[in-house]
Amino acid sequence: MSITARGVRRTFGDVVAVDHIDLDAPAGRVTALVGPNGSGKTTLLLVLASLLVPDAGDVRVAGFDPVTDARAVRARTGWMPDVFGTWESLTCREVLHTVADAFRIPRAAASARVDHLLEVVHLTDLADRPTQVLSRGQKQRLGLARALVNDPQVVLLDEPASGLDPRSRIELRGIVRALAAEGRTVLVSSHVLAELDEMADRAVIVARGRTVAVEELAAAAQARRTWRVRALDLASLVAALDARHTPHAPPDRDGVEVELGSDVEAAELLAELVRDGVPVVELAPAGGVLEQAYLALTEDRR
Amino acid sequence: MSDDTLASAAPVRPDDAPGGLPAGGGRGGTWGLGWSGIRTVAVLELRQRIRSTRWVAVLGVWTAILAVLTVLIRWAIRRTFAGSIQTTDGTVDAAGALPAADVAAGRVTFGIIVFLVLSLAGLVAPALSATSINGDRQAGVLATLQTTLLTPAQIVVGKLLAAWVTALALLAAGLPFLVWVYLDGGTPLGRLLVTLGVLALTLLVVCAVGLGWSGITSRTSSSAVLTYLTVALLGPGLPLLFLLSVPLVTENERVQVRTQTDFSVSITDPSQCTVLTEVRSLTHTERSWWLLAASPYVVVADASPKPTTRPGTDDPLAIIRDGVRDARLGPAVPVEECFYDDVQDRERQRQRDALGVTWPSGLAALLALGTAFTAIAVRRLRTPTRTLPAGTRVA
């Protein structure tokens, strides 16, 4: 495990930000940290990034304790905060070079690394413009590049997709998957559940400062969930579903939601519907795996 | 999104750890003062300062104010001295090069300009560092540095260095005016150099105080106000406290008083004086003079070499220097009230000059203050933190 957190607790005065969070993030996987606003995600990431001392609990990042071995953790960790500023008068290139200097990366290696990262986040064209001209999404991308300057083993991304346009989101997904494919540990917190669905291997769901569930997203695909079926002829679809006793909700404008136990059941249903001559247009999960798990677990939200 | 791996571009290795990344163990990450880290922070700070257009305006206004005031003060002093001394003229100073009036005017003008530069620098320097740390915190850029291998000490010293360099730029802008007045004559070269040195160190201390406050308070306005108050305490505040302390060190006591035997005639020799024992109110400034010592005005005045041309106390630096030394000596006993010549005055002057210099202790106190505030700033930047200043976020 490249990140392990056991029983982490952190309060601010009488506000309990993190009550009791357990989290494991293995190397080579993308772990999603999911939860409602104020559930302690950012505070946990601050603990992992060696900025906050937890009140209780045991934390290891890349094998080191962020409280006692902060430097060892920092050398191996890249952290992208949820809200951050940039040195407005510096150019993108200078920002990354400054961070490289702060990590004591030799000049030649730093130049190559900075050029490469600017290319990865598509800021090469803006490399020599001051960061104050960047849009919110461009700043977000610069923040991602900044978190990767020290070639980190462990990457902590706090709401990386916020402010990104659709294309940048897709590119972010590619970057995150590439990071994991290289054997790095990636922990991503986000509200955009559909994004995480495609990006993450595992999800740790937190609510009110506590870990409420750990989902293997591959396994979640085998769990019972809601699918949506659309057909050109809604009446024949409903008739076919009723004929095979598939539980379904009342049909809406152009489709029906059905409860299916697994992907295998979905495949079987599709084959039968086609065989019965129902003009099926679409059979797909209604909402992502993660979204369904998340909604099921956070129903008690105030 | 490029397809090549993120690690492929370059092997990235911190150059301080040949075997790889810093290993675990040890908490020595707070006070480490490697130069490369300090330089990284200082370059970052200076770059941002230079690129803000405000900075050019500040330097311009600063130079303009100094220029106007220098011209006016120089003109006024020279006029005054030309009027008062020309009548009894005919004497020249020891070097024989310049008329006495010009020398005296040059010396007075130099002293005033030094205090002017010191005072204006005290007004401007706090702005250079008083929002440095909490301003970065508010802008969300402090944590970016804290999560790198930079130690808190490197961040603080880097910021201090950048603020000081900026302050020295202000001093450099004032240098032509000091040199101009110096060239008017009457001022020893040593005085010019000492003045510049003390000014530079005072600015360093002010920058450190600002940095300390900016680490202590979370709001930039609070740290700015506290820095100005601290500078005000050091500048005019300490001399004011000295004055306020006078009642505390004033006592009625029985002392010997040398007085005239006959007040109807003017005294011509010591035999006309007699010593009585009377109850007098004496102010023991030798107990409170140290309040003056740490004031930058006193440090610069006491450190300035005395002009060799005349024994007189005719310029601001010499007046302050002698005044503080008088305070150190305390009241003269027996109390002198029999004035038949200036023997007593000259004896007093001899005692003053025999006293050890006060400026090293004053300067040491200032530097200790600066060091303390720097250390406070470093402690406030240590991460991971247990407590957060009220109303602040970490990142």
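In this text, all values refer to a predicted model and were calculated from it rather than measured experimentally. All residue numbers refer to position in the chain's written sequence, counted from 1. The naming scheme follows written order: chains are lettered A onward, ligands numbered 1 onward. With the structure being a predicted model, the display of local features is reserved for residues of pLDDT at least 70 and the display and counting of side-chain atom pairs for 80 or more, all residues being used for whole-chain, interface and lining totals.

**Concerning the sheet that holds strand β2 (residues 273–283) of chain B**
Strand pairing within a sheet occurs via backbone hydrogen bonds; the two strands may be parallel or antiparallel. All names here are of chain B. At least two bridges found by DSSP between two strands are what make those strands a pair. Note on conventions: DSSP H or I runs of at least 4 residues are helices, E runs of at least 2 residues are strands, and numbering of each starts at the N terminus. With respect to topology, three strands assemble into an open sheet ordered β2-β1-β3, the strand pairing being mixed. Strand pairing shows two members of the sheet lacking a second neighbour, β2 and β3 (335–336), which therefore form its edges. Two strands pair when backbone bridges link them, and strand β1 (residues 250–260) and β2 are joined in this way by 11 bridges, in the antiparallel orientation. Opposite Arg 258, over in β2, you have Val 275 as the bridge partner.

**Digging into the nonpolar core**
To count as a nonpolar core, a set of buried Ala, Val, Leu, Ile, Met, Phe, Trp, Tyr and Cys residues must be joined through C-beta atoms within 7 Å. Counting other C-beta atoms within 10 Å of its own, a residue is labelled buried from 20 upward, exposed at 12 or fewer, and partly exposed in the gap between, with every C-beta atom placed from the backbone. Membership of the largest hydrophobic core comes to 165 residues, with the highest contact counts inside it found for A:Ala145, A:Leu156, A:Val188, A:Leu290, B:Ala167, B:Leu203 and B:Cys207. Think of it this way: build a C-beta for each residue from its backbone, and any pair within 7 Å is a contact. Apart from the residues lying within four places of it in its own chain, the contact partners of B:Ala167 are B:Ala121, B:Ala125, B:Leu128, B:Leu203 and B:Cys207. By size, the runner-up hydrophobic cluster in this structure holds 11 residues, among which are A:Val229, A:Leu237, A:Leu241 and A:Val278.

**Here we look at the sheet that holds strand β10 (residues 225–231) of chain A**
Residues and elements named next belong to chain A. Here three strands make up an open sheet; going across it, the order is β11-β10-β12 and the pairing antiparallel. Either end of the sheet is taken by a strand with one partner, and the two such strands are β11 (255–260) and β12 (280–285). Along the sheet, successive strands turn relative to each other by an average axial angle of 25°, direction set aside. Bridge analysis of β10 against β12 gives five bridges, and the strand direction is antiparallel. Axis geometry follows a simple rule: fit a line to the C-alpha atoms, using only the stretch in contact for helices, then measure angles between N-to-C directions, giving values from 0 to 180 degrees.

**Focus: the domain arrangement of chain B**
All names here are of chain B. Each domain's extent was defined by an automatic or database domain assignment. When cut into domains, chain B gives domain 1 (35–244 + 359–380) and domain 2 (250–354). Contacts between the two partners involve 32 residues from domain 1 and, on the opposite side, 22 residues from domain 2. Elements with a contribution of two residues or more to the side of domain 1 that touches domain 2: α3 (100–129), α7 (189–216), α8 (220–244) and α14 (359–380). No other element matches the nine residues that α3 contributes to the side of domain 1 that touches domain 2. In this classification, the charged set is Asp, Glu, Lys and Arg, the nonpolar set is Ala, Val, Leu, Ile, Met, Phe, Trp, Tyr, Cys and Pro, and all remaining amino acids, among them Gly, are polar. Residues of the side of domain 1 that touches domain 2, tallied by class, amount to 21 nonpolar, eight polar and three charged.

**Focus: unusual backbone geometry**
A cis amide bond links B:Thr383 with the next residue in sequence, B:Pro384, at an omega value of -5°. Tracing the backbone shows B:Pro384 in the segment after α14. Notably, A:Ala62 is not glycine yet its phi reads approximately 55°, a positive angle. Within the secondary structure layout, A:Ala62 lies in the loop between β4 (56–61) and α2 (70–76). You can call A:Ala62 buried: it has 22 C-beta atoms within 10 Å.

**Observations concerning the confidence of the model for chain B**
Residue and element names in this part refer to chain B. Residue-level confidence of the predictor, termed pLDDT, takes values from 0 up to 100. For chain B, the average pLDDT comes to 82, and 83% of its residues sit at 70 or higher. Per-residue pLDDT, averaged within each element of chain B, yields its smallest value for helix α13 (residues 343–354) (78) and its largest for α14 (94). Considering only residues more than four positions removed or in separate chains, one finds that residues 7–20, a stretch of pLDDT under 50, has 26 contacts. Here residues 86–97 is a poorly scored stretch, pLDDT under 50, and it has 14 contacts once near neighbours within four places are set aside; other chains count. We note a pTM of 0.85 for the whole complex and an ipTM of 0.83 for its interfaces.

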